[in-house]
Protein chains: 2
Amino acid sequence: MSTPRGPLAVGIDLGGTQVRAALVDAQGAVLARAATRTDAVGGPWAVMQQIKGLVGEVTQGVLRPDLAGVGVSAPGPLDSEAGMIVCIPTLPGWIDVPIVALLKDALRLPVVLENDGVAAAIGEWRFGAGRSLRDFVYITVSTGIGGGVIADGRVLRGRRRMAAHLGHMTTAPEGELCSCGNRGCWEAQASGTALGQAARDRLASAPASSLTALGPAVTAVDVVAAAQAGDAFACALMAREAELLGIGIVNLLHLYSPEAVVMGGGVSQAFDLLQAGITQWIAAHAMPPFRTVPVHAAALGQNAGLVGAASIVFAAAD
Amino acid sequence: MSTPRGPLAVGIDLGGTQVRAALVDAQGAVLARAATRTDAVGGPWAVMQQIKGLVGEVTQGVLRPDLAGVGVSAPGPLDSEAGMIVCIPTLPGWIDVPIVALLKDALRLPVVLENDGVAAAIGEWRFGAGRSLRDFVYITVSTGIGGGVIADGRVLRGRRRMAAHLGHMTTAPEGELCSCGNRGCWEAQASGTALGQAARDRLASAPASSLTALGPAVTAVDVVAAAQAGDAFACALMAREAELLGIGIVNLLHLYSPEAVVMGGGVSQAFDLLQAGITQWIAAHAMPPFRTVPVHAAALGQNAGLVGAASIVFAAAD
C-alpha cells in the first residue's frame with residue numbers, strides 16, 4: 001500500500017455498540033476495515049482514543065499526502081456545521097462533545113461530522129442504489145428509523161443542518177411512545193424495535209407460532225427468521241410491518257417527491273419479505289402521480305454510512 | 001401609467017370560485033387588481049378567455065416591453081415543468097390542460113405555471129413573512145391544506161416539481177377520509193373544511209353555543225367568529241384546531257428544519273386564536289432543537305399567490 005493511489009479518506013461510524021472504520025477511495029471502494037466495541041464507560045475521551053487507533057489501523061502504509069481526512073458518522077441530534085455532538089442517547093456522558101475539534105487535534109487531519117442517516121444517504125446516493133438520482137430519499141430501519149434526503153441534486157440540510165429527521169414524523173398521534181418522548185412517531189410504529197415489541201405483544205394469541213418458544217426474548221431478527229421459514233404469525237407481522245413502513249413512505253413521497261426510496265438498516269435484510277407489501281400500500285394510498293415511485297433495498301449494506309462519511313471529506317476538499 | 005417603470009408581470013390565481021389577476025412590479029408591489037367568477041361550466045376554453053380579459057384589464061396603459069410575462073398559480077396536481085394542469089378537482093373538465101401553451105398562444109407573452117401553495121410560499125419568501133430566510137415552510141390552511149418549502153435558499157422541487165404536498169401527509173391513519181381518497185391526511189384533519197365538519201359533528205353536545213342556531217350550515221368562518229366573541233364551544237374547537245395544526249407543523253419541523261413556519265389561507269385570519277395553542281404544541285412535542293422555531297401569520301394575505309406567481313416570471317427572465 002505504499003504507492004500513491006489518489007485521495008483516500010477514513011470513514012468512522014460511531015455507534016452505541018461498535019466504533020467502525022473504513023479506508024475509502026474516491027470511487028467509494030472500501031480498501032480496509034476495522035472495528036471495536038465502543039468504550040461506553042470510558043466516555044468521549046476513551047472513544048476518541050479508540051477512533052485514533054482505528055484510523056491508524058486502516059491507514060497502515062498510506063502516505064500522509066494521500067489521506068484527505070476523516071469523516072465521522074454519528075447518531076443525532078448533532079450539529080454537523082459546528083462539528084458538535086449534542087447528545088447520543090445510547091452513550092452516557094456524550095453531551096455537547098466538540099468531536100470535530102478534538103479529533104482534528106488528535107489526528108492532525110481535516111475532520112467532518114455527519115448525522116448517520118444522512119451519511120448513509122450520501123453513500124447510497126454517490127455509490128449505491130441512489131446513484132445518479134436528483135431526488136432520492138434514504139431510510140434506515142433498524143433500532144430506530146433515520147435517513148437522509150437528496151433534493152434537486154443536493155443534500156437537504158435545513159436550519160442547523162437538521163432536516164430529514166424522518167423517524168420523528170408523527171404517523172399516529174395516539175400511537176406508541178417514542179424514545180424522543182413524543183407519541184406515535186413513525187420510528188415508534190415501524191422500527192425494528194417496534195416490530196419486536198409487536199411480536200411480543202401478540203405472542204399469546206399465536207400458540208402455533210415457532211416464536212412462542214422464545215417468549216419475551218423475541219426480537220425483530222427472530223420475526224424475520226420465522227417469516228422466512230413460513231411461520232404464519234411472523235408473516236402476518238411482516239405484512240403489518242410493510243403497511244406501517246408504507247404509511248411513512250407515502251408521506252415522504254408527498255413531501256419530498258423523490259424518484260426512488262432506498263431502504264437500509266437491519267430490517268432491510270428482510271426487504272424481500274416487505275417489498276410487495278410496501279409497493280401495494282403505495283399503489284393504494286399515494287396520490288396518482290406518486291404511485292409508481294419505486295422502493296429499493298440499499299446497495300452498500302453496512303458500509304453506506306462509512307462510505308458516505310468518507311466521501312464528504314472528498315466533497316469538502318473539492 | 002404610460003411612463004416606463006421597469007419590468008412588470010401579471011400574476012393569475014386560478015381558483016374553483018374566482019379567477020384573480022394582479023399587475024405586480026419587481027419589488028412585489030401590487031399595482032392593479034381584477035377578478036371574476038370562474039366560468040366552471042364553460043370549461044378550460046372559457047376560462048382561458050377570462051384570463052385573457054383579466055390580463056388586459058390589469059395591464060391597461062402598460063407598454064408591451066415593460067411586461068415580462070404572466071405567472072399562473074393553480075391548484076394541483078399539476079406539472080409546472082410541462083406547463084400542464086393534470087386535474088382540478090373543483091373544476092370539471094380540467095384534465096390534462098396544457099395551460100401554458102394555450103396562454104402563450106393567446107397572449108403572445110412568456111407564461112409560467114406554479115402550484116398555488118408553492119406560488120404563495122414564493123410570494124411570502126420574496127416579499128412577506130419569510131423574507132431573507134434560507135429555510136422556510138409556508139402552509140395555507142383553507143378549504144384544504146397546501147403550501148411550499150424553501151430549503152437551503154431554494155424552492156424545494158423534487159421529481160416533476162411535485163414536492164411539498166404538505167396537506168397529504170397522513171397524521172392519523174384511522175382518521176377522516178380525505179378528498180384525495182386516502183384516510184387521515186393532515187388536510188382531512190385540520191383544514192377549514194375539517195374545522196367546520198368538527199363543529200357540525202359536535203353541535204348537539206353544545207346546546208349553549210351560539211352556533212346551534214346555525215345548525216347544519218355551520219362553517220369554519222362561523223366557528224372563528226363565535227370564538228372571537230368568546231363562545232366556549234367555539235373556543236374549544238379552535239383549541240383543538242391548534243393542536244391538529246401543531247401535529248402537522250411538528251412533522252414539518254422535523255422533516256424540513258425551517259427557520260420559521262408561516263401560515264396563510266382563510267383559517268389564518270384567526271391566527272391570533274391559534275398561535276398560542278400551536279406554539280404550546282410545538283414546545284411539548286417537537287424534539288428539543290426544534291422547539292423554539294416560530295410560527296408566523298402570512299404577511300401578504302390573499303395576494304401571496306398572485307405576487308409569488310408574478311415574481312416567478314422575473315426569476316425565469318433573470
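Scroll up a little and you will see the structure.
Description of the structure in this document. (Residues numbered from 1 in each chain as written. Chains lettered and ligands numbered in written order. Predicted model: local features only at pLDDT ≥ 70, side-chain atom pairs only at ≥ 80, totals over all residues. Heavy atoms only, no water.)

Observations concerning the relation of the copies chain B and chain A
After a rotation of 180° and a shift along the axis of 0.0 Å, chain B superposes on chain A with an RMSD of 0.1 Å. Here the transformation between the copies is reduced to the relation of a two-fold axis. Of the interface residues in chain B, 100% have counterparts in chain A that sit at the interface too, so the contact is made through matching surfaces. (Least-squares fit on C-alpha atoms with pLDDT ≥ 70 in both. Contact = heavy atoms within 4.5 Å.)

Regarding the sheet that holds strand β1 (residues 8-14) of chain B
Residues and elements named next belong to chain B. Taken together, the 5 strands give an open sheet; going across it, the order is β3-β2-β1-β4-β8, and neighbouring strands pair in mixed fashion. Strands with a single pairing partner mark the edges of an open sheet, and in this sheet they are β3 (30-37) and β8 (111-115). Direction aside, neighbouring strands of the sheet carry axes that sit 20° apart on average. Pairing between strand β2 (residues 18-25) and β3: 7 bridges, direction antiparallel. When the sheet's bridge partners are listed, V24 is paired in β3 with V30. (Pairing = 2+ DSSP bridges. Helix = DSSP H or I, 4+ residues; strand = E, 2+ residues; numbered from the N terminus. Axes fitted to C-alpha atoms, helices over the stretch in contact; angles between N-to-C directions.)

A word on the nonpolar core
Counting 108 residues, the largest nonpolar core has Y256 of chain A together with Y256 of chain B as the members making the most contacts within it. In this view, Y256 of chain B contacts L156, G158, A163, A164, L255 and Y256 of chain A together with V137, V149, L156, A164 and L166 of chain B; residues no more than four positions away in its chain are not counted. (Core = buried A, V, L, I, M, F, W, Y, C linked by side-chain atoms within 4.5 Å. Buried < 20%, exposed > 50% of the residue type's maximum accessible area, 1.4 Å probe, protein only.)

Some remarks on the pattern of salt bridges
Opposite charge on two side chains makes pairing possible when the charged atoms of those side chains draw close. Residue and element names in this part refer to chain A. If you walk through the whole model with that rule in mind, you get 8 salt bridges over all chains. Note that D79 is salt-bridged to R160, the shortest N-O span being 3.7 Å. With D79 in strand β5 (residues 78-79) and R160 in the loop between β11 (154-155) and α4 (186-190), this residue pair connects regions lying 81 residues apart in the sequence. Of the residues examined, D79 reaches a relative accessible area of 13% and is grouped as buried. Here R157 and E114 are joined by a salt bridge, their closest N and O atoms 2.8 Å apart. Of the two residues, R157 sits in the loop between β11 and α4 while E114 sits in strand β8 (residues 111-115), which places them 43 residues apart along the sequence. Note on accessibility: R157 and E114 belong to one class, buried. (Salt bridge = Lys/Arg side-chain N within 4 Å of Asp/Glu carboxyl O.)

Focus on the sheet that holds β5 of chain A
Consider a sheet: its strands pair through backbone hydrogen bonds, and that pairing is either parallel or antiparallel. Residues and elements named next belong to chain A. Strand order across the open sheet formed by 3 strands is β5-β6-β7, with antiparallel pairing between neighbours. With one partner strand each, in any of the chains shown, β5 and β7 (95-97) form the two edges of the open sheet. Strand direction decides the pairing type here: strand β6 (residues 84-87) and β7, joined by 2 bridges, are antiparallel. Opposite I85, over in β7, you have V97 as the bridge partner.

Description of the interface of chain B and chain A
Each side of the interface is counted separately: chain B has 40 residues, and chain A has 40 residues. Note on chain B versus chain A: buried area summed over both sides is about 3,400 Å², and carbon and sulfur give 55% of it. When the area that chain B buries against chain A is broken down by residue, the three leading residues are D152, R159 and L255 of chain B, summing to 20%. The interface formed by chain B and chain A contains 0 salt bridges. On inspection of chain B and its partner chain A, the count reaches 26 residue pairs in polar contact (both at pLDDT 80 or more). Breaking the side of chain B that touches chain A down by element, the ones donating at least two residues are β11 (154-155) and α7 (232-256) of chain B. Partitioning the side of chain B that touches chain A into residue classes produces 22 nonpolar, 11 polar and 7 charged. (Buried area = accessible area lost by both parts, 1.4 Å probe. Polar contact = N/O pair within 3.5 Å; in protein donor to acceptor, adjacent residues only side chain to side chain. Nonpolar A, V, L, I, M, F, W, Y, C, P; charged D, E, K, R; others polar.)

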